[in-house]
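Survey of secondary and tertiary structure
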Amino acid sequence: MKELNECIDELRFRLAEGVKNVVIVPHISPDGDAVGACSALAEVLSRVDIKWNILTCDRVPEYLRFLKHIPSAISNLDKPELCKQLSEEADLIFMLDHNSVRREGDLEYFVRNSKAHRVIIDHHPEPDAQNIVISDSQVSSTCELMYVVVTSIWGKEIITADMANSLYVGINTDTGGLCHNSSRPETYRIIASLLEAGLNKEFVHKHVYQMNNISRLRLIGNTLLNKLQVDEHYPVAIMPITKEELDRYGYKDGDLEGLVNIPLSVHNIEVSIQITERKERVKLSFRSKGNIPVNEWAKAWFNGGGHINAAGGQMDLPLEKVISKVHATMPLFFYEYVK
Ligand code: 5GP
Ligand code: MN
């Protein structure tokens, strides 16, 4: 594998050759890390006079729309023709916070067929082969890596207060408020630099954590009170959520953010799984403590993947079947992967 510095140099050279139209793509169901990285990169490109568009295959949750360049993002749900055209015209496509075009929903087809140079900036293991792959699974978040990339190429002076806020959103949310994946001193040096560049932590915290509506609290409350089950034999909590419940509590994108982490606050629960019945398919979210690799569980049986302690997957089966599959694969997973 190439050194990170070499990969950043490849990007530096590519940009120096001249780039006119950039497209920036986060993953499907974008989270704080994906969205923060997109907004920060857009800000950098604006500062160096490179034209950019952020394309999303679905919607950015409301609580992340305060970041400077997110309101101008174009959703493929609203403007598929424009997304197609911009992907065709692009000479560089940044794939942020995901390791494969398969995580781009309906944009995948446009990105695959574009002649643009493709650049991954990401922290998930096993990235796809692309023209430039800037990947480090040791960092807390793509936003942390984005800071390294951007300051290596343009120097610290390029960081604005808006960029600092965007990058901090990713670092903070991907680490559960600096709880996990955040033991490297470098992460805190970067946060210190962001503060020096004008990061407004209170402003970010207010938008990310204090803009809930009451229906989100009730949906979470209902799930914890009435739906959470703890397995009899394994330290696993499972929370199924039906479409009917989402409708009943007026679900909006982002309303379930963070719920899957809550069962891990119980001393003898090591794995938490949220199983949500969505429009087309059932979505699974896995979280774990310590060295229980839930990404292997997601990858082996649920068409997914992710990080050792935070992974996801999806199934084209009825909710009840998916729940049964989780129970059926639990002994296999613990036997094969948990030492
Ligand atoms: P979440 O539970 O927040 O949706 O996802 C947690 C992590 O799991 C994400 O950061 C992402 O790395 C990974 N992930 C979620 N869904 C999928 C999926 O369908 N496929 C893969 N490969 N990874 C996923
Ligand atoms: Mn991330």
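So, a few notes on the structure that sits alongside this text.

Cut-offs used in this document
- Residues numbered from 1 in each chain as written.
- Chains lettered and ligands numbered in written order.
- Predicted model: local features only at pLDDT ≥ 70, side-chain atom pairs only at ≥ 80, totals over all residues.
- Heavy atoms only, no water.
- Helix = DSSP H or I, 4+ residues; strand = E, 2+ residues; numbered from the N terminus.
- Contact = heavy atoms within 4.5 Å.
- Areas by Shrake-Rupley, 256 points an atom, 1.4 Å probe, with all protein chains shown as cover.
- Lys, Arg positive; Asp, Glu negative; His and termini not counted.
- Charge placed at Lys NZ, Arg CZ, Asp CG, Glu CD.
- Donors = N, O, S within 2.8 Å, 3.2 Å for Na, K, Ca; no water.
- Buried < 20%, exposed > 50% of the residue type's maximum accessible area, 1.4 Å probe, protein only.
- Near = heavy atom within 4 Å.
- Polar contact = N/O pair within 3.5 Å; in protein donor to acceptor, adjacent residues only side chain to side chain.
- Nonpolar A, V, L, I, M, F, W, Y, C, P; charged D, E, K, R; others polar.
- Axes fitted to C-alpha atoms, helices over the stretch in contact; angles between N-to-C directions.
- Parallel < 35°, antiparallel > 145°, perpendicular 65-115°, else oblique.
- Left-handed = near helix turned anticlockwise from the far one by under 90°.
- Pairing = 2+ DSSP bridges.
- Core = buried A, V, L, I, M, F, W, Y, C linked by side-chain atoms within 4.5 Å.

1. Let's talk about the overall build of the protein
When helices and strands are counted, the protein shows 12 helices and 12 strands. Each of the three principal axes of the protein carries a C-alpha extent, and together these read 60 × 45 × 45 Å. Within the protein, contacts between residues at least 6 apart in sequence are counted, and of these 63% link residues at least 24 apart. As presented, the protein carries roughly 15,900 Å² of accessible surface, and 50% of it is formed by carbon and sulfur atoms. Across the protein, the centroid of the 37 positively charged side chains sits 2 Å from that of the 46 negatively charged ones.

2. Details of the coordination of the manganese ion (ligand 2)
The protein atoms that coordinate the manganese ion (ligand 2) are Asp33 (OD), Asp97 (OD), His123 (NE2) and Asp174 (OD), at distances spanning 2.1 to 2.4 Å. In primary sequence terms, the donor set of the manganese ion (ligand 2) follows D-x63-D-x25-H-x50-D. Of this pair, Asp33 sits in helix α2 (residues 32-47) while His123 sits in the loop between β5 (117-122) and β6 (132-135), placing them 90 residues apart in sequence. Overall, the relative accessible area of 2% leaves His123 in the buried class.

3. Some words on the site of ligand 1
Surveying the vicinity of ligand 1 reveals 14 residues, the closest of which are His124, Lys283, Ser285, Arg287 and Gln314. Arg287 places a polar side-chain atom, nitrogen or oxygen, 2.9 Å from an oxygen atom of ligand 1. Protein chains shield 81% of the accessible area of ligand 1, which is 490 Å² for the free molecule. The element contributing the most residues to the shell around ligand 1 is strand β12 (residues 310-315), with five residues. In the shell around ligand 1, the residues fall into two nonpolar, nine polar and three charged.

4. Thoughts on the packing of helix α1 (residues 4-16) against helix α5 (residues 142-154)
Packed helices, taken two at a time, are described by their axes: the angle between them and the distance between them. In the contact formed by α1 and α5, the axes pass within 10 Å of each other and the chain directions differ by 55°. In this view, α1 runs oblique relative to α5, as classed from their interaxial angle. In the crossing of α1 with α5, the sense of the turn from one axis to the other is right-handed. Residues Leu4, Ile8, Leu11, Arg12 and Leu15 of α1 form the contact with α5, whose own contacting residues are Leu145, Val148, Val149, Ser152, Ile153 and Trp154.

5. Concerning the sheet that holds strand β1 (residues 21-25)
Taking strand neighbours across the sheet as the criterion, the six strands line up as β3-β2-β1-β4-β5-β6 in an open arrangement whose pairing is parallel. The two strands at the open ends of the sheet, each matched to only one other strand, are β3 (74-75) and β6. Here two bridges tie strand β2 (residues 51-56) to β3, and the two strands are oriented parallel to one another. By the bridge assignment, Leu55 is partnered in β3 with Ile74. The strands touched by α1 are β4 (92-96), β5 and β6; relative to β6, the strand with the most contacts, the crossing angle is about 135°. Most of the contacts of α5 go to β5, to which it runs at about 120°, and overall it touches β4, β5 and β6.

6. Regarding the nonpolar core
Counting 53 residues, the largest nonpolar core has Leu11, Ile24 and Leu194 as its most contacted members. Of all the elements, α2 adds the most residues to this core, at eight residues. Once residues lying within four places of it in the same chain are set aside, the contact partners of Ile24 are Cys38, Leu41, Ala42, Leu45, Trp52, Asn53, Ile54, Leu55, Phe94 and Leu96.

7. A closer look at the environment of Ile214
Topologically, Ile214 is positioned in helix α9 (residues 214-227). C-alpha of Ile214 to C-alpha of Tyr249: the two residues are 35 residues apart in sequence and 9.2 Å apart in space.

8. Re the sheet that holds strand β9 (residues 271-277)
Sheets are built from strands paired through backbone hydrogen bonds, the pairs being either parallel or antiparallel. If you trace the six strands from one edge of the open sheet to the other, you get β7-β8-β9-β10-β12-β11, paired in mixed fashion. One side of each edge strand has no neighbouring strand; the edge strands of this open sheet are β7 (229-230) and β11 (305-306). Bridge analysis of β9 against strand β10 (residues 282-288) gives seven bridges, and the strand direction is antiparallel. Bridge pairing in β10 places Gln274 opposite Ser285. Packing against the sheet, α9 makes contact with β7 and β8 (236-241), and its axis sits at approximately 125° to β8. Along the sheet, helix α11 (residues 294-301) makes contact with β9, β10, β11 and β12, crossing β12 at roughly 15°.

9. Considerations on the pairing of β8
Counting buried residues in β8 gives six out of six residues, a clear majority hidden from the surface. Of the two faces of β8, the one lined by Val236, Ile238 and Pro240 and the one lined by Ala237, Met239 and Ile241 are each fully buried. The sheet contact formed by β7 and β8 spans two bridges and is antiparallel. Looking at the pairing, Gln229 lines up with Ile238 of β8. Connecting the antiparallel pair β7 and β8 is a turn made up of five residues. Of the pairings in the sheet, the one linking β8 to β9 comprises six bridges and is parallel in character. Bridge pairing in β9 links Ala237 to Ser272.

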